[in-house]
Amino acid sequence: MNISSYPERELLKIASGFKKHLKDKFPAMKGDSSGMGNDFIYKFKALFYEIQAHPWEPEAENLTAKYKLDLDALIEQLRNFLLIFRFYLQKAFPYDSELCESFGYVQVEKVTHDYAELRLFLERTLNLISEKRTFLRTANCPESTLEEIISFSNQITEVHDEMLKYSQKQELQNRTYQNNMKELFKLMEIVHEAASKNLQDDPESLRHLTFPSKEYIH
């Protein structure tokens, strides 16, 4: 028997039936079952209610996608100011080709497709603005351009941090949910085996406390 044999929704439906009938038939089933200790019913119900209280939420993927859309919109606006910034950077440092090329179109395109690389790039950009602001002013770089770069960089960092925090939380919740489902299935197997051995003379209870044949799953 394998958990993958049953659709998740159907598995929870079966578990609900087990939970409903388990108490009445527990004394008849637990006799020769090593897995059915005195706290078995409590463990079964607690796990079932925990799964019901914290279901897997596919809409979480939509929220992650929204974070990415927000980031992409901010990055697109930042890109426009970086082009202006590079123009004045060339004016301020005409003989430092390496510095200017590090803010060239190719480099900007590269980092804006990788959030981790972008974070490092933004950190370097803000440090450069802080260190070279006087030279940039001398080259007539608009103060508003520098402030917009700083503002968008901070917004991107904030949204990215929120997305990472949310993704980590969802990953933990989904992992916990899947582990709970596997553990519940193990308990359901114990119930199925115990019922199959001890309730042969009670077909109605046997039906409620065993896995249905696959052809009846819908």
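Here the structure is a predicted model, which means the values were calculated and not measured. (Residues numbered from 1 in each chain as written. Predicted model: local features only at pLDDT ≥ 70, side-chain atom pairs only at ≥ 80, totals over all residues. Heavy atoms only, no water.)

Turning our eyes to something else, we now look at the side chain of arginine 86. If you trace the backbone, arginine 86 turns up in helix α3 (residues 59–92). At 2.6 Å, the side chain of arginine 86 and the side chain of glutamate 101 are in polar contact. Among residues more than four places away in sequence, those in contact with arginine 86 are Cys100, Glu101, Phe103 and Gly104. (Helix = DSSP H or I, 4+ residues; strand = E, 2+ residues; numbered from the N terminus. Polar contact = N/O pair within 3.5 Å; in protein donor to acceptor, adjacent residues only side chain to side chain. Contact = heavy atoms within 4.5 Å.)

Glancing now at the side chain of serine 102. Tracing the backbone through its elements, the reader meets serine 102 in the loop between α4 (97–101) and α5 (105–111). With relative accessibility at 17%, the residue serine 102 sits in the buried group. In terms of polar contacts, serine 102 uses its side chain to reach the side chain of arginine 124, at 3.4 Å. Leave out the neighbours within four places in its chain, and serine 102 touches Gln107, Phe121 and Arg124. (Buried < 20%, exposed > 50% of the residue type's maximum accessible area, 1.4 Å probe, protein only.)

With the rule as written, the count across this model stands at 11 aromatic pairs. Relative to tyrosine 88, the ring of phenylalanine 87 has its centre 5.0 Å away and its plane inclined at 85 degrees; by these criteria the two rings are edge-to-face. Residue classification places phenylalanine 87 among the partly exposed positions, given a relative accessible area of 46%. Through pairs of rings, three or more aromatic residues link up here, namely Phe18, Phe185 and Phe211. The ring of phenylalanine 103 carries arginine 124 above its face, with NZ or CZ at 5.2 Å from the centroid. (Phe/Tyr/Trp six-rings, centres within 6.5 Å; stacked < 30°, edge-to-face > 60°. Lys NZ or Arg CZ within 6 Å of the ring centre and 35° of its normal.)

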